[in-house]
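Topology and contacts: notes
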Amino acid sequence: MSSPCHTSAVLVVFMALAVGVRAEQLNERSCDVIGDDSSESQMERALLKKLEPLSQMRFNVTVEKGKTENYVYHFRVCREVNSTLHDFGGLVQTDRQNGKTTVIGRINETQVFNGSDWIMLIYKGGDSYGRHCSGEKRRAVIMISCKRGVTASSFSIISEEREKEQECFYLFEMDSSVACPAEDSHLSIGSILLITFASLIAVYIIGGFLYQRLVVGAKGMEQFPHFAFWQDLGNLVADGCDFVCRSKPRNAPAAYRGVGDDQLGEESEERDDHLLPM
């Protein structure tokens, strides 16, 4: 087989694999909240939608207690850990000693609720206990706590409660930004108005400058939009400030007179007096 044909065959194989993986992802089952579709609350649906960014991620944690317990826990958010088995297993325990797998919770029996900065995801309907908890089905409780800037991290098992007669569970926790509340804007109304006003001023200056330069053909300071108007306005403002800020009328004599001026004034009057006829 020639090199171009070999390359084409490899590309075809890769494309087929990619299409197959994509089709498998599209066909994956997602969380089904306990109860009929009509009884599912809008809150639960909104929370499941909020958890969607985590659905393509896989989480594992290993627990070893002496020589009798050596497990790996596999977890996915609203997806099956092993979609080829079609067992709805969303959290699965694997015994590292003998390879036995146990479904802790299934995604077709999901409950979800939240608080201000956390989301609680519960998978029910796991494999039955043996000697513990009256042989009831296992249940996985995953506490997802808010941690901004992190998509998902720190997946770990906290405890397994199996000494009760009923309502036993496995408790896990993890951090994720999806559990965080939406951040409120820190801009006040005054700040927004100020930004808007500054933006309009910038558009006015830049747009007017380009118009004066490119269309009118102005040079120098004449390129500034409405230059004559702003120049006159500046003069009017200066005159108004001069009028308002002065503490006495314009025609009042100056408060300061030089010593030389006073002396000259007095001498001129004396000289005029002695020159008049007696």
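None of these values were measured; they are calculated from a predicted model.

Taken as a whole, this structure holds eight salt bridges when the rule is applied. Arg76 is paired through a salt bridge with Glu28; the nearest N and O atoms lie 2.9 Å apart. On the criterion of sequence distance, the pair formed by Arg76 in strand S2 (residues 69–76) and Glu28 in the loop between helix H1 (3–27) and helix H2 (42–50) is long-range, its members being 48 residues apart. In this structure, Glu52 engages Arg79 in a salt bridge whose closest nitrogen and oxygen atoms are separated by 3.6 Å. You can see Glu52 sitting in the loop between H2 and strand S1 (58–65) and its partner Arg79 sitting in the loop between S2 and strand S3 (89–95), a full 27 residues away along the chain. When its relative accessible area of 32% is taken as the criterion, Glu52 is described as partly exposed. Using a relative accessible area of 9% as the deciding quantity, one classes Arg79 as buried. Connected via shared salt-bridge partners are Glu28, Glu52, Arg76 and Arg79.

Moving on: the pairing of strand S4 (residues 101–114). Of the strand pairs in this sheet, S3 and S4 are connected by five bridges, and their pairing is antiparallel. Looking at the pairing, Gln93 lines up with Thr102 of S4. In textbook terms, the turn of a hairpin is the stretch between consecutive antiparallel strands, and for S3 and S4 this stretch comprises five residues, one of which, Gly99, has a positive phi near 80°. Pairing of S4 with strand S5 (residues 118–125) involves seven bridges; the strand directions are antiparallel. Bridge pairing links Arg106 to Lys124 in S5. Between S4 and S5, which follow one another and run antiparallel, lie three residues.

Conventions used here
- Residues numbered from 1 in each chain as written.
- Predicted model: local features only at pLDDT ≥ 70, side-chain atom pairs only at ≥ 80, totals over all residues.
- Heavy atoms only, no water.
- Salt bridge = Lys/Arg side-chain N within 4 Å of Asp/Glu carboxyl O.
- Helix = DSSP H or I, 4+ residues; strand = E, 2+ residues; numbered from the N terminus.
- Buried < 20%, exposed > 50% of the residue type's maximum accessible area, 1.4 Å probe, protein only.
- Pairing = 2+ DSSP bridges.

Any functional reading would require information that these geometric values do not contain.
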